[in-house]
Amino acid sequence: MIGVVYLGNNQKTQERLKYIPGQLVRMTNAYKEAAQICTPHVSNEHFLVFFERNVRNEDIAAITYLRKKCRSVYIVLMTDTMTDEERNIYIKCGINDTIQQEASVTEMNKKIQFISDRENVLFSDEVPKRGILKFQIPIWKRLFDIVVATLSIIILSPIFIITAIAIKMESKGPVLFKSKRVGTNYTIFDFLKFRSMYEDAEHQLMELSKDHNQYKDQDAEEPKSTIPVSSGDQAEMAMMNMGMDSEMMISDEEIMLVGDDFVVSESDFNKKKEEENDNVFIKIENDPRVTKVGKFIRKYSIDELPQLFNILKGDMSIVGNRPLPLYEAEKLTADSSIDRFMAPAGLTGLWQVEERGRGGTMSAEERKQLDITYGQTFNFWLDMKIILKTFTHFKQKGNV
């Protein structure tokens, strides 16, 4: 648990801070005294300072002094509204975060817990030197990618030409399909494939995904506690009008979330949100949008060959995690998913050879965990093993 200090003279705030569970908050209205308190006695001692906003010039002097004297301090500015100019000034002089001046004991305790849980990252000596943590592809892997991609394009050039002609003869539209994908470090790039669908395929995707998505949890249900209402602040009245006693539906501990046209318990809302995040991947079984040529080139993974140009450009690697469409990647930004993007984006990868090559089905969570495993353990020999398995699994057994 990090040490907590309050710097200010608001008695109401001081009174609330006394009730932070399991936490003794040291209080002062002098920034030099706060700096003395925040001077660590041991190497891994860190401090959170709740700084109550007052007069701007005095605040800047206090925050600058704290930042200069105390390396292991995280400053949370207690404030109400701020202009963009004021926000920039306070950020430049050294605040890390903000919280409402009238924040409740619960809100302040959540802020303390949030920072405590990330103590090793927020107070790491390496963070100021390195800035934002980014994945850098190893030199051996980049050289391997360039050599293999170049040779593959030369050797496979007849297949490129034949495939392009076949696609053009069957249906209208460009030979190559280009879409925005999210790869390493959440970088967005133009992802290339041979077009295997009719031209309007993207417009049909969301409707088809409702009934044919292989990754969708078939047992997922809508929150049962959702109650439609005509006005967001009339939840209890709505339940009474429906003939329901609110005490029968909601326990003292239950929190109800009220929207413009619904009321739902917080627990049900969170459960539904978790289900949505668990089902982030979309893959359509027996997709009616696929052309005859498309079915063939998909079956033998020929549609993936243009990604060799992505690899030469540096967007991808030969082996890595599959780059995701924007609508899938935007749901994988939680701490538990970030490691998936701290790895190379690849043409082939661990999940393809472990499950897809055997024609088996896989949940979204299983796929995500395989991606994270690769990101944490990849090396030259693992890449070679995956490449060898790819040659035996390039033919898809599923009709997808």
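Here is a short report on the structure shown in this document.

### Side note on the environment of C93
Then step 1. Relative to the assigned elements, C93 resides in helix α4 (residues 84-93).
Then step 2. Residue C93 is classed as buried on the basis of its relative accessible area, which comes to 10%.
Then step 3. Linking C93 and I63, residues 30 residues apart in sequence, is a C-alpha distance of 6.5 Å.
Then step 4. With residues up to four places along the chain from it excluded, the contact list for C93 reads I60, I63, T64 and R67.

### Describing unusual backbone geometry
Excluding glycine, a negative phi dihedral is what most residues carry, and trans is how most peptide bonds are arranged.
Then step 1. In this model, Y186 sits at a positive phi of 60°, which is unusual for a non-glycine residue.
Then step 2. As for its placement among the helices and strands, Y186 is situated in the loop between β6 (176-182) and β7 (188-194).
Then step 3. Notably, S301 is not glycine yet its phi reads approximately 60°, a positive angle.
Then step 4. Residue placement: S301 occurs in the loop between α14 (292-299) and α15 (307-313).

### Some details on the nonpolar core
Then step 1. Ranked by internal contacts, the top residues of the largest apolar core, which has 29 residues, are F194, L308, Y374 and I386.
Then step 2. Looking at this core element by element, the count peaks at four residues for helix α20 (residues 380-393).
Then step 3. By size, the runner-up hydrophobic cluster in this structure holds 20 residues, among which are L7, I75, L77 and I95.

### A short note on α14
Then step 1. Listed in full, the buried residues belonging to α14 are V293, G294, I297 and R298. Mapping the buried residues of α14 onto a view down its axis gives an arc of 130°, with all of them on the same face.
Then step 2. Those residues of α14 that are buried lie in contact with α9 (157-170) and β7.
Then step 3. For α14, the side-chain oxygen to backbone nitrogen distance between the N-cap and G294 is 2.8 Å, and the N-cap itself is T291.
Then step 4. Positive phi shows up at S301, right after α14, with a value of about 60°.

### A short note on the packing of aromatic side chains
Then step 1. Scanning all chains against the criterion turns up 11 aromatic pairs.
Then step 2. Ring centres 5.4 Å apart and planes at 65° place the aromatic pair Y31 and Y65 in the edge-to-face group. Remark: Y65 occurs in helix α3 (residues 56-69) and Y31 occurs in helix α2 (residues 31-37); sequence separation between them is 34 residues.
Then step 3. On the accessibility criterion, Y65 (25% relative accessible area) is partly exposed.

### Thoughts on the sheet that holds strand β1 (residues 3-7)
Backbone hydrogen bonds are what pair the strands of a sheet, in a parallel or an antiparallel way.
Then step 1. In spatial order, the strands read β2-β1-β3-β4-β5; together these five strands make up an open sheet with parallel pairing. Two strands bound the open sheet, and with one partner strand each, they are β2 (25-28) and β5 (97-100). Along the sheet, successive strands turn relative to each other by an average axial angle of 25°, direction set aside.
Then step 2. Contacts from helix α5 (residues 105-117) reach β1, β3 (47-52), β4 (73-79) and β5, with the element oriented near 145° to β3.

### Quick word on the pattern of salt bridges
When charged atoms on two side chains of opposite charge get close, those side chains can pair.
Then step 1. Applying the stated criterion across every chain yields a total of 12 salt bridges.
Then step 2. One salt bridge in this structure joins D190 and K180, with 2.8 Å as the shortest N-O distance. Here the residue D190 occupies a position in strand β7, and K180 occupies one in strand β6, the gap between them amounting to 10 residues.
Then step 3. Overall, the relative accessible area of 28% leaves D190 in the partly exposed class.
Then step 4. With a relative accessible area of 45%, K180 lands in the partly exposed category.
Then step 5. The salt bridge partner of R322 is E304, with a shortest N-O separation of 2.7 Å. Pair noted here: R322 is in the loop between β10 (317-319) and β11 (324-325) and E304 is in the loop between α14 and α15, with a separation of 18 residues, a long-range link.
Then step 6. Judged by its relative accessible area of 9%, E304 is buried.

What counts as what
Residues numbered from 1 in each chain as written. Predicted model: local features only at pLDDT ≥ 70, side-chain atom pairs only at ≥ 80, totals over all residues. Heavy atoms only, no water. Helix = DSSP H or I, 4+ residues; strand = E, 2+ residues; numbered from the N terminus. Buried < 20%, exposed > 50% of the residue type's maximum accessible area, 1.4 Å probe, protein only. Contact = heavy atoms within 4.5 Å. Core = buried A, V, L, I, M, F, W, Y, C linked by side-chain atoms within 4.5 Å. Arc of directions from axis to C-beta. Polar contact = N/O pair within 3.5 Å; in protein donor to acceptor, adjacent residues only side chain to side chain. Phe/Tyr/Trp six-rings, centres within 6.5 Å; stacked < 30°, edge-to-face > 60°. Pairing = 2+ DSSP bridges. Axes fitted to C-alpha atoms, helices over the stretch in contact; angles between N-to-C directions. Salt bridge = Lys/Arg side-chain N within 4 Å of Asp/Glu carboxyl O.

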